[in-house]
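# Observations on the three-dimensional arrangement
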Amino acid sequence: MKTMGEVPRTIRVHEADNVAIVVNAFGLPAGTVFPDGLVLREFVPQGHKVALADIAAGEAVRRYGEVIGTAREDIPRGAWVEESRMRTPPAPALDALELATRVPAPLPPLDGYTFEGYRNPDGSVGTRNILAISTSVQCVAGTLDVAIRRIREELLPRYPNVDDVVGLTHAYGCGVAINAPEAAIPIRTLQSLARNPNFGGEVMVVGLGCEKLVAERLLPDGQTEGVVRLQDERHQGFGMMLDSIMAMAEARLEVLNRRRRETCPASDLVVGLQCGGSDAFSGVTANPALGFAADLLVRCGATVLFSEVTEVRDAIHLLTPRAETEEVARALIREMAWYDAYLARGEADRSANPSPGNKKGGLNTIVEKALGSVAKSGTSAIRGVLAPGERVRQKGLIFAATPASDFVCGTLQLASGITLQVFSTGRGTPYGLKQAPVIKVATRTELSERWSDLIDLDAGRIATGKATIEEMGWELFRLILDVASGRRKPWSDHWGLYNDLTLFNPAPVT
């Protein structure tokens, strides 16, 4: 209920919008009168839309200056524009988009910002110093779990400069159509994961010996050793298998233990942006703040990845004009078209995306969700596009194609090379990655206060007028530098709260 004396507030994003969202925590009751004279006809929950004018049946519902749906029935001024009153409009046609027609001018360089990172022999820089052990097949995951427990207990205390040891486990490698064209995605993802800069280039693989995904395929080009195969005839029982893993791990721990943080320019950062548990505030508080911080990072010469195809698809007409070249714009279209076909094969479409929580948070359609999601990308030119699991090889703002699932997106962004992730949430999710630090940004102050020991930054202050997007963007930018340097520990690391890696495998399972 409305706090005594609290002024009723709405947010209207664009002057062409005929709806606005209710700001007040817990919503507002029927009869509420706004300063502009608008009167609510019914209770409207926080984050949900109220009609600012009469909207006739069949007429467009507009937010962000874009059509987010059409009215199924007459919606009078002051009414709650809830999900059942709207239809999802068709997605933008991919064959009629502007290509690199409004490329943003480069923003002024931002010099002098640094962080303390771990420089690798290939020139990349990590934010953590982790031994990662890859697996070529799910069959060895249990054995690796046992080995990692022993490594932590027996070896890590002797190598104090190594942060942790992690297993890159998964449910792939055998019982799959290994030569199917789309098998390239999970295989490429596993190959790229092992090369994440936070792992220092020390790749080792545990395999079984009879799997379809031969363990050597996960080693970097030119590396000839680094595989422990459990079916090796030299292994006389489980104990010898563990001893082999421990011995190979210790050799790599010795190398990693020599790594030290050193002062690196902010241009060496690779930051992933993701949102999960989104709500109607995502596109007006947290994601614009992420976008402002993204612009600051790009101005520093850093690499910034944004993702989630289904949460970009309905805003693609806003992105292809920002592509640096027509080639980049066509690559964006390529990834949208691939995902359209992928969903169609599963007899689904993009409208399956909004979750019950998204809708409870005020997001009625995937169009509305996408328009808020792309705010994370800021205003810079889009310099490149990555297919799922591809490693990033250039600076600037990059679109990394992934599904919208938090866990799949996180796994693919790690494969692409992120060394830190910023994750915005409106409904709340206890998400974290062991392989890279995750900064959690809340879209609403109410969530930030209720989850005070899970949320790292409250962007809800933008909605209440206590901070601007610019101020929050700078605060997030400085937090990124502190977390990357190890000076600040996000809450997920404080609790050891981490999600499993989840491969994206669109290929057949046999």
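Anything mentioned here points back to the structure above.
A brief report on the enclosed structure follows. Fair warning: this is a prediction, and the values are worked out from it, not measured in the lab. (Residues numbered from 1 in each chain as written. Predicted model: local features only at pLDDT ≥ 70, side-chain atom pairs only at ≥ 80, totals over all residues. Heavy atoms only, no water.)

To continue, consider the overall build of the protein. A count of helical and extended segments in the protein gives 12 helices and 20 strands. Overall, the C-alpha framework of the protein stretches about 80 × 45 × 40 Å when taken along its three principal axes. Excluding contacts between residues fewer than 6 apart, the proportion of contacts in the protein whose partners are at least 24 apart in sequence is 70%. For the protein, the accessible surface area stands at approximately 20200 Å², while carbon and sulfur atoms represent 51% of it. A gap of 1 Å separates the mean positions of the 55 positive and 61 negative side-chain charges of the protein. (Helix = DSSP H or I, 4+ residues; strand = E, 2+ residues; numbered from the N terminus. Contact = heavy atoms within 4.5 Å. Areas by Shrake-Rupley, 256 points an atom, 1.4 Å probe, with all protein chains shown as cover. Lys, Arg positive; Asp, Glu negative; His and termini not counted. Charge placed at Lys NZ, Arg CZ, Asp CG, Glu CD.)

Evaluated as defined, the whole model comprises two cavities of 30 Å³ or more. Its boundaries defined by the atoms lining it, the largest cavity holds a volume of some 50 Å³. Top contributing element to the lining of the largest cavity by residue count: helix α8 (residues 366-373), with four residues. Its residues assigned to classes, the lining of the largest cavity shows three nonpolar, six polar and four charged. Split by residue class, the lining of the second largest cavity holds four nonpolar, no polar and three charged. (1 Å grid on protein atoms, 1.4 Å probe; cavity = no way out; pocket = protein on both sides within 12 Å on 5 of 7 lines; lining within 4 Å. Points joined across faces, edges and corners; volume = space filled by probe spheres on them. Nonpolar A, V, L, I, M, F, W, Y, C, P; charged D, E, K, R; others polar.)

A word on the pattern of salt bridges. Going through the model one piece at a time under the given rule, you end up with 29 salt bridges. Of the charged contacts, one joins Arg 444 and Asp 279 as a salt bridge, the two residues approaching to 3.1 Å between their closest N and O atoms. In this pair, Arg 444 is assigned in the loop between β19 (438-442) and α10 (445-450) and Asp 279 in the loop between β14 (270-275) and α4 (286-299), connecting sequence segments 165 residues apart. As far as the burial class goes, Arg 444 and Asp 279 line up, both buried. Of the charged contacts in the structure, one is a salt bridge between Arg 461 and Glu 475, with a shortest N-O distance of 3.2 Å. In this pair, Arg 461 sits in the loop between β20 (457-458) and α11 (469-484) while Glu 475 sits in helix α11, placing the two residues 14 residues apart along the sequence. Residue classification places Glu 475 among the partly exposed positions, given a relative accessible area of 34%. (Salt bridge = Lys/Arg side-chain N within 4 Å of Asp/Glu carboxyl O. Buried < 20%, exposed > 50% of the residue type's maximum accessible area, 1.4 Å probe, protein only.)

We now examine the nonpolar core. Counting 86 residues, the largest nonpolar core has Leu 269, Phe 399, Val 422, Val 441, Leu 476 and Ile 480 as its most contacted members. Of all the elements, α11 adds the most residues to this core, at nine residues. If we skip the residues at most four places from it in the chain, Val 441 touches Ala 286, Leu 290, Val 422, Phe 423, Ser 424, Thr 425, Leu 457, Ala 459 and Leu 476. The next biggest cluster of nonpolar side chains, apart from the first, holds 39 residues, and it includes Leu 168, Ile 178, Ala 183 and Leu 190. (Core = buried A, V, L, I, M, F, W, Y, C linked by side-chain atoms within 4.5 Å.)

We note that Tyr 64 has phi near 60 degrees; this positive angle belongs to a residue other than glycine. Assignment of secondary structure puts Tyr 64 in the loop between β4 (60-63) and β5 (66-71). Residue Tyr 64 is classed as buried on the basis of its relative accessible area, which comes to 14%. Even without being a glycine, Glu 308 presents a positive backbone phi close to 75 degrees. Within the secondary structure, Glu 308 is located in the loop between β15 (303-306) and α5 (316-319).

Read across the sheet, seven strands follow the order β16-β17-β15-β14-β18-β19-β20 without closing on themselves; strand pairing throughout is parallel. The strands lining the two open edges of the sheet, one partner per strand, are β16 (382-386) and β20. One ladder, built from four bridges, connects β15 with strand β17 (residues 396-400); its direction is parallel. The residue bridging Leu 305 from the neighbouring strand is Ile 398, located in β17. Running at roughly 35 degrees to β16, helix α6 (residues 326-345) makes contact with β16 and β17 of the sheet. (Pairing = 2+ DSSP bridges. Axes fitted to C-alpha atoms, helices over the stretch in contact; angles between N-to-C directions.)

Any functional reading would require information that these geometric values do not contain.
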